[in-house]
Amino acid sequence: MKKLVCMFFVLLFVSQTSFAYPKQHPFPPFHIAGNLYYVGADDLASYLVVTPKGNILINSNLAIDVPMIKASVEKLGFKWSDTKILLISHAHFDHAAGSQLIKQQTPAKYMVMDSDVALVESGGKTDFHYANDPSMFFSSTKVDKVLHDGDQVKLGGTVLTAHLTPGHTKGCTTWTMQVNDHGKPYQVVIVGSLNVNPGYKLVDNKTYPHIAKDYQHAFKVVKALHGDIFLGAHAMYFDLNKKYQLLGQTRSNPFVDPAGYKRHIAQKEHEFTNELQRQKHHIEQ
Ligand SMILES: [Zn+2]
């Protein structure tokens with residue numbers, strides 16, 4: 001009987017932690033360009049920036065996927081304990097739930113955009129949209145350094161710039177950095193997220209009154225950035241799999257895709273504008 005009860009709790013735990021979120025599958029870690037590497041899963045993207053003073057990890061993903069990120073870092077020949085800075089794309093559980101575990105396992109300082117700090121430190125409980133949805137909660141994690149729009153994160157000669165691209169979350173952050181690859185400089189853009197999630201209220205939003213204006217600001221910001229190497233919080237934004245298959249097959253690096261970056265922004269802005277019009281129209285009726 002005891003065994004059965006134990007089994008029940010194990011099942012309950014598993015079903016609560018895996019709920020409806022698509023299971024992440026390992027993706028081979030690889031070198032993108034310069035000192036930038038891919039260490040994420042097949043959908044949830046994580047990046048490792050390697051410097052002589054230690055490494056920067058962008059996105060901690062789901063807590064259950066932390067061992068997968070660690071294995072990817074080590075497979076590339078780098079040390080997990082060299083992770084000195086941890087950054088995120090935005091404070092949703094699928095990019096930030098693993099942060100507490102990473103902070104326990106490494107000396108990483110957790111740096112988060114000011115308007116996402118409360119969300120990270122409350123473990124998702126202060127989310128403007130998901131505050132009543134425990135399936136979106138995660139371990140609350142202490143932020144070590146609060147970042148502001150335009151701040152630079154520097155380590156071992158590498159500079160990452162934090163661009164506030166709000167809307168998806170209030171502190172959604174798009175990261176840029178310059179890498180040098182085969183003697184050529186490239187601007188890397190890691191899009192935080194321009195998605196309007198299902199159910200997001202763009203009009204008359206009581207918990208985020210200026211949401212539509214924030215999205216519009218985010219589009220203005222990403223359009224003004226030049227993106228040679230186009231990356232993002234989810235692999236699907238930039239077609240990771242297709243580009244990975246092309247690595248080594250073409251003379252140019254398939255991740256150098258400024259046209260793809262522009263297409264992605266245009267597509268997301270189109271979706272946002274349509275949804276905003278639909279909601280405005282709905283309210284007028
Ligand atoms: Zn999100």
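The shown structure was predicted, so the numbers you read here are calculated from the model rather than taken from an experiment.

### Thoughts on the sheet that holds strand β8 (residues 152–155)
The strands making up a sheet associate through hydrogen bonds between their backbones, and the pairing can be parallel or antiparallel.
Then, in step 1: Taking strand neighbours across the sheet as the criterion, the five strands line up as β8-β9-β10-β11-β12 in an open arrangement whose pairing is mixed. Bordering the open sheet on either side are β8 and β12 (229–232), each of which pairs with just one other strand. The average undirected angle you get between the axes of adjacent strands in this sheet is 20 degrees.
Then, in step 2: Relative to strand β10 (residues 173–181), strand β9 (residues 158–164) is paired through five bridges, and the arrangement is antiparallel. Bridge pairing in β10 links His163 to Thr174.

### A word on the sheet that holds strand β5 (residues 83–87)
Then, in step 1: Read across the sheet, seven strands follow the order β1-β2-β3-β4-β5-β6-β7 without closing on themselves; strand pairing throughout is mixed. The open sheet terminates on both sides in strands that have one partner only, identified here as β1 (30–33) and β7 (145–147). On average, adjacent strands in this sheet sit at an angle of 25 degrees to one another, irrespective of strand direction.
Then, in step 2: Here β5 pairs with strand β6 (residues 109–113) via two bridges, running parallel. Bridge assignment links Ile85 to a residue of β6, and that residue is Lys109.
Then, in step 3: In the packing of helix α5 (residues 114–121) onto the sheet, contacts are made with β6 and β7, and the angle to β6 comes to roughly 120 degrees.

### Quick look at the environment of His264
Then, in step 1: Locating His264 in the fold gives a position in helix α9 (residues 258–284).
Then, in step 2: According to the relative accessible area criterion, His264 is buried, its value standing at 8%.
Then, in step 3: With 72 residues separating them in the primary sequence, His264 and Gly192 have C-alpha atoms 12 Å apart.
Then, in step 4: Ignoring anything within four residues of it in the chain, the contact list for His264 reads Val191, Leu194, Phe230 and Tyr237.

### Looking at empty space enclosed by the protein
Then, in step 1: Across all of its chains, the model carries two cavities of 30 Å³ or more by this definition.
Then, in step 2: Estimates place the volume of the largest cavity at around 40 Å³.
Then, in step 3: Around the largest cavity sit Ala91, His92, Phe93, Gly124, Asp127, Tyr130, Met136 and Phe138, which together line it.
Then, in step 4: The residue inventory of the lining of the largest cavity, partitioned by class, reads five nonpolar, two polar and one charged.
Then, in step 5: Its boundaries defined by the atoms lining it, the second largest cavity holds a volume of some 30 Å³.
Then, in step 6: Val39, Gly40, Ala41, Asn61, Asp65, Met68 and Ile69 together form the lining of the second largest cavity.

### A closer look at the side chain of Gln279
Then, in step 1: With respect to the secondary-structure elements, Gln279 resides in helix α9.
Then, in step 2: In this structure, Gln279 is in contact with Tyr200, Lys201, Leu202 and Val203, ignoring residues within four places of it in sequence.

### Notes on the packing of aromatic side chains
Then, in step 1: Scanning all chains against the criterion turns up 16 aromatic pairs.
Then, in step 2: Measuring from ring centre to ring centre gives 5.0 Å for Phe27 and Tyr244, while their planes differ by 70 degrees; the resulting arrangement is edge-to-face. A residue pair is termed long-range when its members are at least 10 positions apart, and Phe27 in the loop between α1 (2–18) and β1 and Tyr244 in helix α8 (residues 240–246) qualify at 217 residues.
Then, in step 3: Residues Tyr38 and Tyr47 carry aromatic rings whose centres are separated by 5.6 Å and whose planes lie at 80 degrees to one another, so their mutual orientation is edge-to-face.
Then, in step 4: For Tyr47, a relative accessible area of 0% corresponds to the buried category.
Then, in step 5: Members of the aromatic cluster, joined through ring pairs, are Phe27, Phe30, Tyr38, Tyr47, Phe230, Phe238, Tyr244, Phe255 and Tyr261.

### Looking at the nonpolar core
Where a protein is soluble and globular, its nonpolar side chains tend to be buried together.
Then, in step 1: Ranked by internal contacts, the top residues of the largest apolar core, which has 63 residues, are Ile32, Tyr38, Tyr47, Leu87 and Leu231.
Then, in step 2: Looking at this core, the element that brings in the most residues is helix α6 (residues 211–224), giving six residues.
Then, in step 3: Among all residues touching Leu87, those that are not within four sequence positions of it are Ile56, Leu57, Ile58, Asn59, Met111, Leu147, Val153, Leu160 and Trp175.

What counts as what
In this numbering scheme, every chain counts its residues from 1 along its sequence in written order. Per-residue local features of the predicted model are confined to residues with pLDDT of at least 70, and side-chain atom pairs are confined, for both listing and counting, to 80 or more; whole-chain, interface and lining totals are unaffected and use all residues. Here the side-chain values reflect all heavy atoms present in the structure, with hydrogen atoms and water set aside. By this definition, two strands are paired if DSSP reports at least two bridges between them. By definition, any uninterrupted DSSP run of H or I lasting at least four residues is a helix, any uninterrupted run of E lasting at least two residues is a strand, and each is numbered from the N terminus. A fitted line through C-alpha atoms represents every axis, and for helices the fit uses only the stretch in contact; the resulting angles, taken between N-to-C directions, go from 0 to 180 degrees. Contacts are residue-level and defined by heavy atoms, with any inter-residue pair within 4.5 Å sufficient. Three labels apply to residues, based on accessible area from a 1.4 Å probe with only protein chains included: buried if under 20% of the type maximum, exposed if over 50%, partly exposed otherwise in between. Both cavities and pockets are sets of points on a 1 Å grid over the protein atoms alone; in a cavity a 1.4 Å probe fits but cannot get out, in a pocket the set is open with protein on both sides within 12 Å along at least five of seven lines, and lining residues sit with an atom within 4 Å of a point. Grid points are joined across faces, edges and corners, and a volume is the space filled by probe spheres set on the points. Charged residues are taken to be Asp, Glu, Lys and Arg, nonpolar residues to be Ala, Val, Leu, Ile, Met, Phe, Trp, Tyr, Cys and Pro, and polar residues to be all remaining types, Gly included. The pairing test for Phe, Tyr and Trp rings, Trp by its six-membered ring, is centres within 6.5 Å, and the orientation test on the planes gives stacked under 30 degrees, edge-to-face over 60, and tilted for anything in between. Residues grouped as a nonpolar core are buried Ala, Val, Leu, Ile, Met, Phe, Trp, Tyr and Cys residues, joined through side-chain atoms within 4.5 Å.

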